[in-house]
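Chains, contacts and geometry: an overview
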Protein chains: 2
Amino acid sequence: MSAFKPLDPLLHSQLRLAVMSLLIGLDEAEFTFLKEKTESTAGNLSVQLDKLEKAGYIKIEKSFRDKRPLTTCSITPMGVKAFEEYVENLKNYIS
Amino acid sequence: MSAFKPLDPLLHSQLRLAVMSLLIGLDEAEFTFLKEKTESTAGNLSVQLDKLEKAGYIKIEKSFRDKRPLTTCSITPMGVKAFEEYVENLKNYIS
DNA sequence: TAAATTGGTTTATATCATAAACCAATTTAT
DNA sequence: ATAAATTGGTTTATGATATAAACCAATTTA
């Protein structure tokens, strides 16, 4: 019991975890919203969103609004599962 | 409320967190015990213990037992505080 | 006395997080 | 009209980090 299960390295990152934490409670979120909430730089956020998308944890949709580019993110079922598993595993470390 | 407070980078590491998690429940622990429990390599563990010690989070004592080197670790009050704060901050991310 | 084991440390490497630099388009100021 | 600033990002560079691999000294076993 209570062994230290490995923590998904993709989620064990402050910014990516914060993003997932936000997305899990929302239908979708815009790039700028995530940037504000996480207080990250655009560059860092862009890179980390890419990684989450490549892992299949989030979906990224690009469109235009008021002639401006608009990036919208949402968590996937895979992402939800990964997040929940990460949290479960983490509990062994902090309880 | 529920802002993403920064996570102490020294604790936001799987192995170091596991070590702290073990030490917080014990008076002291031997190197080999930590190695077994965390399923880490000796090299990795050695490096991470060094970092925790340099941060003042743990105390490392070296002695001999049965003519063999014996490394014993214990958490410091500073370490306890840092761990507790880390856990508190982490909760914003996973709840 | 050679080989294996114990209990580690040091070094090398590959990955990661992050910031800095950049880019295209739009809006605002002159 | 055009230059400067802003928006909404992406790409690139770099320094830190985690980890494994190599190493070392002493002891024990074959």
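Refer to the structure presented above.
None of the values given here were measured: they were computed from a predicted structure.

What counts, and where the lines are drawn
- Starting from 1, residues in each chain are numbered consecutively following that chain's sequence as written.
- Each chain takes a letter, starting from A, and each ligand takes a number, starting from 1, following the order in which they are written.
- Only residues with pLDDT of at least 70 are given local features in this predicted model, and only at 80 or more are side-chain atom pairs given and counted; all residues enter the totals for whole chains, interfaces and linings.
- Only heavy atoms go into the side-chain values, all of them from the structure, while hydrogens and water stay out.
- The rule for pairing is simple: two strands pair if DSSP sees at least two bridges between them.
- Secondary structure elements are taken from DSSP: a helix is a run of H or I of four residues or more, a strand is a run of E of two residues or more, and numbering for both begins at the N terminus.
- Contacts between residues were defined by any pair of non-hydrogen atoms, one from each residue, lying within 4.5 Å.
- Throughout, an axis means a line fitted to C-alpha atoms (over the contacting stretch in the case of helices), and angles, computed between N-to-C directions, take values from 0 to 180 degrees.
- Throughout, the term near means that a residue has one or more heavy atoms lying within 4 Å of the molecule or strand in question.
- Under this definition, polar contacts are N or O atom pairs within 3.5 Å; protein pairs additionally need one hydrogen-donor-capable and one acceptor-capable atom, and for neighbouring residues in sequence, both atoms have to be side-chain atoms.
- The pairing test for Phe, Tyr and Trp rings, Trp by its six-membered ring, is centres within 6.5 Å, and the orientation test on the planes gives stacked under 30 degrees, edge-to-face over 60, and tilted for anything in between.
- Classification of residues uses two cut-offs on accessible area relative to the type maximum, computed with a 1.4 Å probe and protein chains only: under 20% is buried, over 50% is exposed, and between them is partly exposed.

Residue and element names in this part refer to chain A. If you trace the 3 strands from one edge of the open sheet to the other, you get S1-S3-S2, paired in antiparallel fashion. Each having just a single partner strand, strand S1 (29-30) and strand S2 (58-65) make up the two edges of the open sheet. As judged from the 2 bridges shared by S1 and strand S3 (residues 68-75), these two strands associate in the antiparallel manner. Bridge pairing in S3 links Glu-30 to Thr-72. Against the sheet, helix H3 (residues 42-54) contacts S2 and S3, and its axis sits at roughly 125 degrees relative to S2.

Let us now look at the protein's contact with DNA strand C. Taken together, the neighbourhood of DNA strand C is formed by 21 residues, with Arg-16 and Gln-48 of chain A together with Ser-46, Lys-62 and Thr-71 of chain B sitting nearest. What you see for DNA strand C is that sugar and phosphate hold 72% of its atoms within 4 Å of the protein. Contacts to DNA strand C include Lys-51 of chain A, whose side-chain N or O atom sits 3.3 Å from a phosphate oxygen. Within the contact set of DNA strand C, a sugar or linking oxygen lies 3.2 Å away from a backbone nitrogen or oxygen of Pro-69 of chain B. Going through the elements one at a time, H3 of chain A together with helix H2 (31-38), helix H3 (42-54) and strand S3 (68-75) of chain B are the ones with two or more residues in the surface near DNA strand C.

What follows covers the packing of aromatic side chains. Residues and elements named next belong to chain A. Overall, the coordinates contain 2 aromatic pairs over all chains when judged by the stated rule. Centroid distance Phe-4 to Tyr-93: 4.9 Å. Interplanar angle 50 degrees. Geometry classified as tilted. Of the two residues, Phe-4 is situated in the segment before helix H1 (14-23) and Tyr-93 in helix H4 (residues 77-94); the sequence distance between them amounts to 89 residues. Each of the two residues, Phe-4 as well as Tyr-93, counts as buried.

A few words on the protein's contact with DNA strand D. The immediate surroundings of DNA strand D are formed by 21 residues, with Ser-46, Lys-62 and Thr-71 of chain A together with Ser-13 and Arg-16 of chain B found nearest. Of all atoms in DNA strand D that approach within 4 Å of the protein, 72% are sugar or phosphate atoms. One of the side-chain nitrogen or oxygen atoms of Arg-16 of chain B is found 2.4 Å away from a phosphate oxygen of DNA strand D. In this structure, a phosphate oxygen belonging to DNA strand D sits 3.4 Å away from a side-chain N or O atom of Lys-51 of chain B. Put simply, the parts of the chain that give the surface near DNA strand D at least two residues each are helix H2 (31-38), H3 and S3 of chain A together with H3 of chain B.

From the geometry alone we can't say anything about function, so treat these as descriptive.
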